[in-house]
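Chain by chain, the residues:
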Amino acid sequence: MIANVLTTFRLLSIIPFYILIRNDCYSYSLFLFLLAAFTDYLDGFLARKFNQVTFMGSLLDPLADKILYLVAIFTMLEKGYISFVPISLILAREFFALGYGPTVILKKGDIFPGKLKNIFQFGSVIIVLIFKGLWVSSLAIWCSVFFTVLSGISLYLRNYKSLNRIVKEFIW
């Protein structure tokens, strides 16, 4: 159950992270974000190592990742460090995954593309927090967009039959 505690910590760290970044405390916000990002790796590792994978953890972990990342990029958008265009593409994928993600989680799919997406998303936040609006920040965000969209395409292609069945059941 230590994995669920780490995921809960990541969820609870979002508010202080937001307050720190809003108040231009970039060193502290960077430290807190790095700590939260590390718990994303650690909770999954510990859950698998000690055979403590739970349904709640399987749902909360990706949700905590999405909320942390979205709070970070929206706050950086508000500060003027990144533009809305890449964020809109990221949002499209994330809303798609929120609606479709539980089906994939239950099937235990989308592991590698989702992890790669997280690495680039979290990495882009770290880079933007360090370089605050310089060209390398834009490059990092666009790399994040590329892997985010790629993972969304992978998510759909690997699970389109389930998605189509769910959509048909919902509509009919």
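Cut-offs and rules
Residues numbered from 1 in each chain as written. Predicted model: local features only at pLDDT ≥ 70, side-chain atom pairs only at ≥ 80, totals over all residues. Heavy atoms only, no water. Phe/Tyr/Trp six-rings, centres within 6.5 Å; stacked < 30°, edge-to-face > 60°. Helix = DSSP H or I, 4+ residues; strand = E, 2+ residues; numbered from the N terminus. Lys NZ or Arg CZ within 6 Å of the ring centre and 35° of its normal. Salt bridge = Lys/Arg side-chain N within 4 Å of Asp/Glu carboxyl O. Buried < 20%, exposed > 50% of the residue type's maximum accessible area, 1.4 Å probe, protein only. Patch = residues over 30% accessible without salt bridge, like charges linked within 9 Å, V, L, I, M, F, W, Y side chains within 5 Å. Areas by Shrake-Rupley, 256 points an atom, 1.4 Å probe, with all protein chains shown as cover. Arc of directions from axis to C-beta. Core = buried A, V, L, I, M, F, W, Y, C linked by side-chain atoms within 4.5 Å. Contact = heavy atoms within 4.5 Å. Polar contact = N/O pair within 3.5 Å; in protein donor to acceptor, adjacent residues only side chain to side chain.

**Considerations on the packing of aromatic side chains**
Across all of its chains, the model carries seven aromatic pairs by this definition. Aromatic side chains F38 and Y41 sit 6.1 Å apart centroid to centroid with 40° between the ring planes, which places their arrangement in the tilted category. Remark: Y41 and F38 occur in helix α3 (residues 26-49); sequence separation between them is three residues, near one turn of the helix. In textbook terms, an aromatic cluster arises when at least three aromatic residues are bridged by ring pairs, as seen for F17, F33 and F122. Note that K49 overlies the ring of F50, its terminal NZ or CZ placed 6.0 Å from the centroid.

**Thoughts on the pattern of salt bridges**
Inspection of every chain in the model, using the stated rule, returns nine salt bridges. With a closest N to O distance of 3.6 Å, D40 and R10 form a salt bridge. Placement of the pair is D40 in helix α3 and R10 in helix α1 (residues 2-12), with a sequence separation of 30 residues. For the residue pair D40 and R10, the accessibility class agrees, reading buried in each case. A salt bridge links K117 to E94; the nearest nitrogen and oxygen atoms lie 3.4 Å apart. Placement of K117 in helix α6 (residues 111-131) and of E94 in helix α5 (residues 84-107) is noted, with a sequence separation of 23 residues between them. Across this residue pair, the class does not change: K117 and E94 are buried.

**Points about a nonpolar patch on the surface**
A cluster of nonpolar side chains, contributed by V85, L89, W142, V149, I153, Y156, L157 and Y160, occupies part of the molecular surface with about 700 Å² of accessible area. Listed by contribution, the elements that provide at least two residues to the nonpolar patch are α5 and α7 (135-171). Ranked by residues supplied to the nonpolar patch, first place goes to α7 with six residues. By the element assignment, V149 lies in helix α7.

**Observations regarding helix α2 (residues 14-22)**
Among all positions of α2, only I14, F17 and I21 are buried. The arc that holds every buried residue of α2, seen down its axis, measures 60°, which confines them to one face. Following α2 by one or two positions, D24 adopts a phi angle in the positive range, close to 60°.

**A closer look at the nonpolar core**
Grouped together as the largest cluster of nonpolar side chains are 26 residues, with contacts concentrated most on F17, F33, I73, M76, V125 and L129. Going through the elements one at a time, α2, α3, α4 (55-78), α5, α6 and α7 are the ones with two or more residues in this core. Apart from residues lying up to four places away in sequence, L129 is in contact with F17, I21, Y26, S29, L30, F33 and M76.

**Points about the side chain of E94**
According to the relative accessible area criterion, E94 is buried, its value standing at 2%. At a separation of 3.1 Å, a polar atom in the side chain of E94 contacts the side chain of K66. Within the structure, E94 has its side chain in polar contact with the side chain of K117 (distance 3.4 Å). Excluding its chain neighbours within four sequence positions, the residues that come into contact with E94 are K66, K117, Q121 and T148.

**Considerations on unusual backbone geometry**
Of note, D24 is a non-glycine position whose phi angle comes to about 60°, a positive value. With respect to the helices, strands and loops of the structure, D24 is situated in the loop between α2 and α3.

**Side note on the environment of Y26**
By secondary structure assignment, the location of Y26 is in helix α3. Aside from chain neighbours lying at most four places away, what touches Y26 is I21, K79, Y81, L129 and K132. Looking at Y26, its side chain comes within polar contact range of the side chain of D24, at 2.9 Å.

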